[in-house]
Amino acid sequence: MLDKLQNKTVLVTGGAGFIGSNLCETLLSNNIKTICLDNFATGKKENIQPFLKDKNFKLVEGDIRNLEDCHTACNNVDYVLHQAALGSVPRSIKDPITTNDVNVSGFLNMLVAARDANVERFVYAASSSTYGDHEALPKVEDTIGKPLSPYAITKYVNELYADIFNKSYGLNTIGLRYFNVFGRRQDPDGAYAAVIPLFVKQFINHESPMINGDGSFSRDFTYIDNVVQMNMLAITTTNKKALNTVYNVAYGDRTTLLELTELLKKHLSDFDDTIKNVSIKHRENRVGDIPHSLASVDKAKKLLNYNPKFNINDGIKEAVVWYWKNL
Ligand code: NAD
């Protein structure tokens, strides 16, 4: 699939973050010239440390809020995988201005720079949060509700801008609405850590994870390798009908928080048998959390030949091996 990228250059913004570093790793392991633009706001130097000695890798330390940095990074680039953003719904509620600056103004800068550099395709991280308060399951790309957070607004605005840049300037774009991604290098630390790395670290330390609500809320947890596959399909597809639209990126199944903790315990117990005795705590549901999330991945299967290889069990099994070795 990646053969056609042999003489191409791919820019990964946010390449020092969780998803971005996994994209860089796959590109580099296929000998593809890879540029990483990152300001290390939430990304880590250690995530890209092994890449620095690769002749195909270039780091541009810069900020997407700065148009000049975006132009520098886009120089001679063929494809953009735009991941740089400030994630986390609670962070956006606490500081909507910075989230908007990075996720909207920064996104617009990247579109402008990509347009000016005549890139072939601009693939960007959208989000399942765009479904907002729409209750129907599974989520189908054409039907969204009202956003439930400043973060969700920024991700929806990204889709609107991408569409307008296609219509106004002919820039080819693909938006990938990620659903609760997890896997190696996802940060377990900090106030805005995602639930899986946070719980893994707590279980390893024999601390009781805290579930919001009774644990019956469910999510379409998506292993990183499925996300990498979608990004690679998005930059390599030759199907013109697959361009200038958005896709759900998920496995297409949902798991409750209680089921998730059982899975984590099961796989972590392979390393430390006493983890199965660690108890779970509960507190009130978080305001604005939707009860359930589940994606239809039919559109991606049909137009991009997406074939997710990792269900949640297989993904968790691999992820905990990585955390056990690296935490
Ligand atoms: P992450 O925080 O690990 O990675 C984001 C990267 O962007 C970091 O390396 C950070 O330093 C960089 N960055 C932030 N602000 C920047 C700026 N102003 N200039 C340059 N670089 C900047 O997060 P992630 O989980 O890898 O998320 C990647 C993308 O996927 C984001 O756009 C996020 O909104 C989106 N997304 C993630 C999930 C998920 O479950 N992880 C779900 C939906 C959407």
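Keep in mind it's a predicted model, so treat the numbers as computed, not measured.

Caption draft 1: Spatial organisation of the site of the ligand. Near the ligand there are 27 residues, and of these Ile19, Asp38, Thr42, Asp63 and Tyr151 occur at the shortest range. In this structure, a nitrogen atom belonging to the ligand sits 3.3 Å away from a side-chain N or O atom of asparagine 39. When the ligand sits alone it has 830 Å² of accessible area, and the protein chains cover 90% of it. Of all elements in the fold, only α1 (18-29), β5 (121-127) and α6 (150-169) reach the threshold of two or more residues within the shell around the ligand. Sort the elements by how many residues they give to the shell around the ligand and β5 lands first, with three residues. Among the residues making up the shell around the ligand, the classes are represented as 14 nonpolar, nine polar and four charged.

Caption draft 2: Structural view of the sheet that holds strand β11 (residues 245-249). Pairing is parallel across the open sheet formed by seven strands, whose spatial order is β3-β2-β1-β4-β5-β6-β11. The open sheet has two edge strands with one neighbour each: β3 (57-61) and β11. On average, each strand axis in the sheet is inclined to that of its neighbour by 20°, with strand direction left out of account. Pairing analysis gives five bridges linking strand β2 (residues 33-38) to β3, with the strands arranged parallel. Its bridge partner being in β3, cysteine 36 is matched across the sheet by leucine 59. On the sheet, helix α3 (residues 67-74) packs against β1 (9-13), β2 and β3 and is oriented at approximately 170° with respect to β2. Sitting on the sheet, α6 is in contact with β5, β6 (173-178) and β11, with an inclination near 155° to β5.

Caption draft 3: Representation of the pattern of salt bridges. Tallied over the entire structure, the rule returns 13 salt bridges. For aspartate 63, the salt bridge identified is with arginine 65, shortest N-O distance 2.7 Å. Residue classification places aspartate 63 among the buried residues on the basis of a relative accessible area of 19%. Assessed through its relative accessible area of 40%, arginine 65 is described here as partly exposed. In this structure, aspartate 225 engages arginine 184 in a salt bridge whose closest nitrogen and oxygen atoms are separated by 2.6 Å. Note that aspartate 225 is positioned in helix α8 (residues 224-236) and arginine 184 in the loop between β7 (181-182) and α7 (195-204), a separation of 41 residues in sequence. Residues participating in the shared-partner salt-bridge network are Glu25, Arg184, Arg185 and Asp225.

Caption draft 4: Fine view of the side chain of serine 92. Here serine 92 lies in helix α4 (residues 89-94). At 3.0 Å, the side chain of serine 92 and the backbone nitrogen of tyrosine 151 are in polar contact. Contact partners of serine 92, with chain neighbours within four places excluded, come to Thr99, Ser149, Pro150 and Tyr151.

Caption draft 5: Highlighting the nonpolar core. Leu27, Leu81, Met230, Ile235, Leu264 and Ile316 are the most contacted members of the largest nonpolar core, which totals 68 residues. Broken down by element, this core gets its largest block of residues, eight residues, from α8. In contact with isoleucine 235, not counting residues within four places along its chain, are Lys4, Leu5, Val10, Leu27, Tyr79, Leu81, Arg121 and Val123.

Caption draft 6: Examining a nonpolar patch on the surface more closely. A grouping of Phe271, Val321 and Trp324 is seen on the molecular surface, where their side chains present a nonpolar patch of about 230 Å² in accessible area. Examined against the element boundaries, phenylalanine 271 turns out to sit in the loop between α9 (257-268) and β13 (281-283).

Caption draft 7: Layout of the packing of helix α5 (residues 96-116) against α6. Put simply, α5 and α6 touch, their axes get as near as 10 Å, and they point 15° apart. The orientation of α5 with respect to α6, classified from their angle, is roughly parallel. α6 is crossed by α5, and the crossing has right-handed handedness. Here Pro96, Thr99, Asn100, Asn103, Val104, Phe107, Leu108, Leu111, Val112 and Arg115 of α5 come into contact with α6, specifically with Pro150, Tyr151, Thr154, Lys155, Val157, Asn158, Tyr161, Ala162, Phe165 and Tyr169.

Rules behind the numbers
- Residues numbered from 1 in each chain as written.
- Predicted model: local features only at pLDDT ≥ 70, side-chain atom pairs only at ≥ 80, totals over all residues.
- Heavy atoms only, no water.
- Near = heavy atom within 4 Å.
- Polar contact = N/O pair within 3.5 Å; in protein donor to acceptor, adjacent residues only side chain to side chain.
- Areas by Shrake-Rupley, 256 points an atom, 1.4 Å probe, with all protein chains shown as cover.
- Helix = DSSP H or I, 4+ residues; strand = E, 2+ residues; numbered from the N terminus.
- Nonpolar A, V, L, I, M, F, W, Y, C, P; charged D, E, K, R; others polar.
- Pairing = 2+ DSSP bridges.
- Axes fitted to C-alpha atoms, helices over the stretch in contact; angles between N-to-C directions.
- Contact = heavy atoms within 4.5 Å.
- Salt bridge = Lys/Arg side-chain N within 4 Å of Asp/Glu carboxyl O.
- Buried < 20%, exposed > 50% of the residue type's maximum accessible area, 1.4 Å probe, protein only.
- Core = buried A, V, L, I, M, F, W, Y, C linked by side-chain atoms within 4.5 Å.
- Patch = residues over 30% accessible without salt bridge, like charges linked within 9 Å, V, L, I, M, F, W, Y side chains within 5 Å.
- Parallel < 35°, antiparallel > 145°, perpendicular 65-115°, else oblique.
- Left-handed = near helix turned anticlockwise from the far one by under 90°.

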